[in-house]
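Structural characterization, general
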Amino acid sequence: GAGVSQTPSNKVTEKGKYVELRCDPISGHTALYWYRQSLGQGPEFLIYFQGTGAADDSGLPNDRFFAVRPEGSVSTLKIQRTERGDSAVYLCASSLGGMFTDTQYFGPGTRLTVL
Amino acid sequence: GNSVTQMEGPVTLSEEAFLTINCTYTATGYPSLFWYVQYPGEGLQLLLKATKADDKGSNKGFEATYRKETTSFHLEKGSVQVSDSAVYFCALPGGKLIFGQGTELSVKP
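Residues numbered from 1 in each chain as written. Chains lettered and ligands numbered in written order. Predicted model: local features only at pLDDT ≥ 70, side-chain atom pairs only at ≥ 80, totals over all residues. Heavy atoms only, no water.

1. Side note on the sheet that holds strand β7 (residues 56-59) of chain B
Residue and element names in this part refer to chain B. Across the sheet, four strands lie side by side as β3-β9-β8-β7; this open sheet has antiparallel pairing. For this open sheet the edge positions go to β3 (19-21) and β7, each flanked by a neighbour on one side alone. Across the sheet, the mean angle from the axis of one strand to that of its neighbour is 20 degrees, orientation sign disregarded. (Pairing = 2+ DSSP bridges. Helix = DSSP H or I, 4+ residues; strand = E, 2+ residues; numbered from the N terminus. Axes fitted to C-alpha atoms, helices over the stretch in contact; angles between N-to-C directions.)

Shown next as structure tokens:
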């Protein structure tokens, strides 16, 4: 079946602009996660949704970052007033139920470049 | 808080060599442990996992044993192939995943 998809695959923007990154999880997965991966580093957690609600947003770096999942499936990560330090690969993952032992399935990522 | 420490890379091996990538963790309780792999140009995918102490996870010739006494989950493979060239991440779940910094493996023919 279809895996996790993310769009766009690449996004180049200018400092100060607003961007939206989209994630389509695997159908039926209730848990959805966003991570950010900088070059040469492991992914860092941003936010976790269980259904429509953000169960844990402790990884969001500041109030310029916001994410929604209004219908419990597709999610959008929104970044306002982008900064050069926001450049990274943004990864989305989904899992069946969000339990500790559940496997998270990752999308290919969106590479964001802020000029 | 919970954390994962992973052997630094890059690691370069010849085909058929033995591989070990070290991973140790700090966590409350006894969590599950995962190894993820990122092949060039591809997304992260689960390689193997162990859900309790003394469990051994295995897949594609790779193995890792969950050692509670040493808080370790080292990844091993007896004979690596060129196709194993990738970045390997040890991860600790707790809702979100906590990843190590990754170890890049390059296998030469």
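From this point on, the discussion continues.
2. Topic: the state of the cysteines
Residues and elements named next belong to chain B. According to the stated counting rule, one finds two disulfides over all chains in the structure shown. Bridging Cys-23 to Cys-90, the disulfide has an S-S length of 1.9 Å. Here the disulfide of Cys-23 and Cys-90 is left-handed, its torsion about the S-S bond being about -65 degrees. Here Cys-90 lies in strand β10 (residues 86-94) and Cys-23 lies in strand β4 (residues 23-26), a separation of 67 residues in the sequence. Here Cys-23 matches Cys-90 in class, with each residue buried. (Disulfide = S-S within 2.5 Å. Buried < 20%, exposed > 50% of the residue type's maximum accessible area, 1.4 Å probe, protein only.)

3. Some remarks on the sheet that holds strand β8 (residues 75-79) of chain A
Residue and element names in this part refer to chain A. Taken in spatial order, the four strands line up as β1-β3-β8-β7 in an open sheet, and their pairing is antiparallel. Since the sheet does not close on itself, it has two edges, and those belong to β1 (5-7) and β7 (65-68), each with one partner. Sheet twist, expressed as the mean angle between neighbouring strand axes with direction ignored, is 15 degrees. Sheet analysis places β1 next to strand β3 (residues 19-24), joined by three bridges and oriented antiparallel. Within the sheet, the bridge partner assigned to Ser-5 lies in β3 and is Asp-24.

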